[in-house]
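Secondary and tertiary structure notes
Take a look at the letters that make up each chain.
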Amino acid sequence: MQLTEQSTIREYFQENGYAIIDTGIDEAVLDAAVAGLSPYFGDERVEPEGVSYADPGRIQDAWFIENSVYKIATSESVLSSLKEIYGLEAEPFQTLNFYKGTGQPTHSDSIHFNCEPFGNMCGVWVALEDIGPDQGPLRIYPKSQELEEMNYPDFGLEPGYDQYPQYLNGIENLIEKHGYEERRAIIKKGQAVIWAANVLHGGSPQNDISLTRKSQVTHYYVGKPKAWRPSESTNGRAYFVPETLGDCTTPGFRAHPGPSIVTRVAGRARRLRDHARVVAKGVLNKLGR
Ligand SMILES: O=C(O)CCC(=O)C(=O)O
Ligand SMILES: [Fe+2]
């Protein structure tokens, strides 16, 4: 992003639907998020307790168990950038931590989390390590935020998760029709992409699967809009009250302690055993057995 004296972050964001910022989040906090969540990622992971969802590459709402995730989501620089862009207070309501690229197809977040007034929602993607082109960086289609509000019926579809693939086809057609061009977010550790509710984006393919793509996305509502989920809106709008992140600075807040020492030791023993098996197999192969 080139911000000049003529272009404030607000103007740039309004024109392009996204902005890249240096968050200035303490590197120790970024590293603590990576270290704290590392037992829960990959094929050998332990299942985290106390989060909303987890699979080998994604943990939803890890802020429940890891304070540094909370600190990233509520970092002063991110919140003040959002205030500058929207002129409203932003409240984080969901975190997603990733270990690898998602390769997620192109979508707008408003199809998942819509609101009234339209557009008072955004995503912030914080790089927890330097992100190169082969790690499956985030992809954005600048200016696509200009598209009008579109929900399932606007694509001739019934609202519902089972219609999502058809929605994605509709999005591909729109990109072609408008000639939007993709921009990949090759950014440094500690930088972040802020994107508008309506801007089209996704994950690019991870060219080198041996690499990681450690990142945290936080979704925010701004100015306390009325939130609703298009996918669940078969009989009128499915409104909901977003569960905003608790305040870990209050005395009652307790970060989940994470897996017990027994679970950690068992996990480590399992990893060592599997590693030994791989090594043994290699030796036997070399001996021609
Ligand atoms: O990180 C990615 O690859 C995509 C994430 C995304 O689309 C989202 O969290 O809204
Ligand atoms: Fe998204």
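Because the structure is a prediction, the values reported are computed rather than measured.

Rules used throughout
Residues numbered from 1 in each chain as written. Chains lettered and ligands numbered in written order. Predicted model: local features only at pLDDT ≥ 70, side-chain atom pairs only at ≥ 80, totals over all residues. Helix = DSSP H or I, 4+ residues; strand = E, 2+ residues; numbered from the N terminus. Buried ≥ 20, exposed ≤ 12 C-beta atoms within 10 Å, placed from the backbone. Contact = placed C-beta atoms within 7 Å. Pairing = 2+ DSSP bridges. Core = buried A, V, L, I, M, F, W, Y, C linked by C-beta atoms within 7 Å. Near = placed C-beta within 6 Å. Axes fitted to C-alpha atoms, helices over the stretch in contact; angles between N-to-C directions. Parallel < 35°, antiparallel > 145°, perpendicular 65-115°, else oblique. Left-handed = near helix turned anticlockwise from the far one by under 90°. Arc of directions from axis to C-beta.

1. Comments concerning the overall build of the protein chain
Secondary structure assignment for the protein chain yields six helices and 13 strands. Looking at the protein chain as a whole, 36% of its 289 residues are labelled buried. Excluding contacts between residues fewer than 6 apart, the proportion of contacts in the protein chain whose partners are at least 24 apart in sequence is 79%.

2. Some details on the pairing of strand β6 (residues 121-127)
In terms of burial, β6 is largely enclosed, as seven of its seven residues are buried. By the bridge criterion, seven bridges tie β6 to strand β11 (residues 215-222) in an arrangement that is antiparallel. If you follow Val-126 over to β11, its bridge partner there is Gln-216. Pairing of β6 with strand β9 (residues 191-196) involves five bridges; the strand directions are antiparallel. Counted as the bridge partner of Trp-125 is Val-193 from β9.

3. Some words on the nonpolar core
Residues Tyr-18, Cys-122, Val-124, Val-193, Ile-194 and Tyr-220 are the most contacted members of the largest nonpolar core, which totals 64 residues. Of all the elements, β6 adds the most residues to this core, at six residues. In this view, Tyr-18 contacts Phe-13, Ile-140, Pro-142, Val-193, Ile-194, Trp-195, Ala-196 and Val-199; residues no more than four positions away in its chain are not counted.

4. A closer look at the environment of Leu-157
One can find Leu-157 in the loop between β7 (138-141) and α5 (164-178). Take Leu-157: there are 16 C-beta atoms within 10 Å of it, and that puts it in the partly exposed class. Sequence separation between Leu-157 and Tyr-167 is ten residues; the distance between their C-alpha atoms is 7.6 Å. Among all residues touching Leu-157, those that are not within four sequence positions of it are Tyr-152, Gln-163, Gln-166 and Tyr-167.

5. Overview of the site of ligand 1
Around ligand 1 sit Leu-96, Phe-98, Thr-102, Gln-104, Asp-109, Gly-123, Trp-125, Leu-138, His-201, Gly-203 and Val-217, and that is every residue in its neighbourhood. Only β4 (90-98), β6 and β10 (200-203) provide two or more residues apiece to the shell around ligand 1.

6. Notes on the packing of helix α1 (residues 9-16) against helix α4 (residues 76-86)
Across the interface, α1 lies against α4 with an axial gap of 8 Å and an inter-helix angle of 70°. The orientation of α1 with respect to α4, classified from their angle, is roughly perpendicular. Handedness of the α1/α4 crossing: right-handed. Each of Ile-9, Arg-10 and Phe-13 in α1 lies in contact with α4, whose residues at this interface are Ser-81, Glu-84 and Ile-85.

7. A word on the sheet that holds strand β5 (residues 114-116)
An order of β5-β12-β13 is seen for the three strands of this open sheet, with the pairing classed as antiparallel. Each edge of the sheet is formed by a strand with only one pairing partner; in this case those strands are β5 and β13 (239-240). As paired strands, β5 and strand β12 (residues 226-228) are joined by three bridges and run antiparallel to one another. Looking at the pairing, Cys-115 lines up with Ala-227 of β12.

8. Here we look at the sheet that holds β6
Read from one edge of the open sheet, seven strands run β1-β9-β6-β11-β4-β3-β2, paired in antiparallel fashion. The open sheet has two edge strands, β1 (18-22) and β2 (53-55), and neither has a second partner. With direction set aside, neighbouring strand axes in the sheet form an average angle of 20°. Packed on one face of the sheet, α1 meets β1 and β9 and runs near 140° to β1.

9. Regarding helix α2 (residues 27-37)
By the burial criterion, the buried members of α2 are Leu-30, Ala-33, Val-34 and Leu-37. Relative to the axis of α2, the buried residues are bounded by an arc of 95° and lie together on one face. Looking at α2, the residues exposed on the side facing more than 90 degrees away from the buried face are Ala-28 and Ala-35. Of the surrounding secondary structure, the elements contacted by the buried residues of α2 are β3 (58-60), α3 (67-73), β4 and β11.

10. A look at the environment of Gln-206
Relative to the helices and strands, Gln-206 resides in the loop between β10 and β11. In this structure Gln-206 comes out as partly exposed when scored by C-beta crowding, with 18 C-beta atoms within 10 Å. Measuring from C-alpha to C-alpha, the distance between Gln-206 and Lys-100 comes to 7.9 Å, with 106 residues separating the pair along the chain. With sequence-adjacent residues up to four places away left out, Gln-206 is seen in contact with Lys-100, Gly-101, Gly-103, Gln-135, Gly-136, Leu-211 and Arg-213.

11. Remarks on the pairing of β1
Looking along a regular strand, one sees side chains alternate from face to face of the sheet. For β1, a buried count of four out of five residues is recorded, marking the element as mostly surrounded by other parts of the structure. As paired strands, β1 and β9 are joined by five bridges and run antiparallel to one another. Considered in β9, the bridge of Tyr-18 is made with Trp-195.

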